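Now for the letters of each chain:
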Amino acid sequence: MVKFPGNNKINLAIFISGRGTNFKSIFNFSKKKKSILNIKLVISDNKYAKGLEFSKKKKISTKVVKFVKKRDAENKILKLIKSNKIDLICLAGFMKILSENFLEKCNLKILNIHPSLLPKYKGLNTHMRVLKNKDKFSGCTVHLVNKNLDAGKIILQKKVRVNKNDTIKSLEKKILRMENKIYPLAIMKTVKSIF
Ligand code: GAR
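This section reports on the structure supplied with the text.

Cut-offs applied
Residues numbered from 1 in each chain as written. Predicted model: local features only at pLDDT ≥ 70, side-chain atom pairs only at ≥ 80, totals over all residues. Heavy atoms only, no water. Helix = DSSP H or I, 4+ residues; strand = E, 2+ residues; numbered from the N terminus. Buried < 20%, exposed > 50% of the residue type's maximum accessible area, 1.4 Å probe, protein only. Areas by Shrake-Rupley, 256 points an atom, 1.4 Å probe, with all protein chains shown as cover. Lys, Arg positive; Asp, Glu negative; His and termini not counted. Charge placed at Lys NZ, Arg CZ, Asp CG, Glu CD. Right-handed = clockwise from strand over helix to strand, strands pointing away. Pairing = 2+ DSSP bridges. Salt bridge = Lys/Arg side-chain N within 4 Å of Asp/Glu carboxyl O. Phe/Tyr/Trp six-rings, centres within 6.5 Å; stacked < 30°, edge-to-face > 60°. Expected span 1.5 Å × (residues − 1). Bend = angle between axes of the 7 residues up to and from the residue.

**Section: the overall build of the protein chain**
Reasoning step 1: Broken down by element type, the protein chain carries 6 helices and 7 strands.
Reasoning step 2: Sequence-ordered secondary structure for the protein chain, helices as α and strands as β, is β-α-β-α-β-α-β-α-β-α-β-β-α.
Reasoning step 3: Overall, the C-alpha framework of the protein chain stretches about 50 × 40 × 30 Å when taken along its three principal axes.
Reasoning step 4: Buried residues in the protein chain amount to 49% of all 195 residues.
Reasoning step 5: Carbon and sulfur atoms provide 53% of the accessible area of the protein chain, an area that totals close to 11,200 Å².
Reasoning step 6: Mean positive and mean negative side-chain charge positions of the protein chain (46 and 12 charges, respectively) differ by 7 Å.

**Some words on the pairing of strand E5 (residues 110-114)**
Reasoning step 1: In terms of burial, E5 is a largely internal element, 5 of the 5 residues being buried.
Reasoning step 2: Residue alternation in E5 divides its side chains into two sets, Ile-110, Asn-112 and His-114 and Leu-111 and Ile-113, and both sets are buried.
Reasoning step 3: Once you follow strand E4 (residues 88-91) into helix H4 (residues 100-106) and on to E5, the crossover reads as right-handed.
Reasoning step 4: In the sheet, E5 pairs with strand E6 (residues 137-144) via 4 bridges, with the strands oriented antiparallel. Residue His-114 lies in a different strand from E6, and its bridge partner there is Thr-141.

**Focus on the pattern of salt bridges**
Reasoning step 1: A full pass over the atoms with the stated rule returns 5 salt bridges.
Reasoning step 2: Asp-45 is the salt-bridge partner of Lys-96, the closest N and O atoms lying 3.5 Å from each other. Here Asp-45 lies in the loop between strand E2 (37-44) and helix H2 (51-57) and Lys-96 lies in the loop between E4 and H4, a separation of 51 residues in the sequence.
Reasoning step 3: Lys-96 sits in the partly exposed class, given a relative accessible area of 33%.

**Some details on the packing of aromatic side chains**
Reasoning step 1: Here the structure, examined in full by the defined rule, presents 4 aromatic pairs.
Reasoning step 2: Centre to centre, the rings of Phe-23 and Phe-54 are 5.4 Å apart; their planes meet at 80°, and the pair counts as edge-to-face. You can see Phe-23 sitting in helix H1 (residues 21-30) and its partner Phe-54 sitting in helix H2, a full 31 residues away along the chain. The pair Phe-23 / Phe-54 is uniform in exposure class, with both members buried.

**So, helix H6 (residues 168-194)**
Reasoning step 1: For H6, with 27 residues, the first-to-last C-alpha span of 37 Å sits near the 39 Å given by 1.5 Å per residue.
Reasoning step 2: The axis of H6 is deflected most strongly, by about 30°, at Ile-182, and proline Pro-184 appears within four residues downstream.

**Considerations on the pairing of E6**
Sheet faces and side chains relate simply in a regular strand, where the side chains alternate between the two faces.
Reasoning step 1: Here E6 lies mainly inside the structure; 7 of its 8 residues are buried.
Reasoning step 2: As judged from the 7 bridges shared by E6 and strand E7 (residues 154-161), these two strands associate in the antiparallel manner. Bridging from a neighbouring strand, Val-142 pairs with Leu-156 of E7.

The following block contains the structure:
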């Protein structure tokens, strides 16, 4: 049985840096009948992020927080998280690494989606490394964020076959489609475990 906080909905904050397909997919899932998810806040470190157009269109409270000084940016975000009564943070293509200080002060579960079969290929350029190593499978992983990069507990992971003629682009496309499918499911799995 899932027990929900205050308003019967789980308030999500989505952090983005770019295109925002994972954000859109979480949004669409949150709008399904009987959904208990509510995207309360979108944060971007990049004012040109494509995903911001969607959040504005959907009239979601949206803030651009520049990471010129990391400590200042994170303090701003901590205030926003508090004032918006956020229950869970989802990093969706957010390309900044949050500090240990932020993780401690925030005291919420933070999810991240990564385009590889973690623990393989942490960090950037995952598809390029998969192709270089001639791996037969790649995929995507939703995991909890901890102080080590891409190393927190795995919540959900899905495999995708790598074909001989796959390129970085084709692999990225295939994996992104899978990411968009599993992120909302991983959120629900997490929500059920904490509320
Ligand atoms: C996704 O492929 C996500 O896995 C990746 O950025 C892309 C964002 O796409 N994240 C990372 O590499 C984090 N280390 P989106 O903006 O369309 O959701």
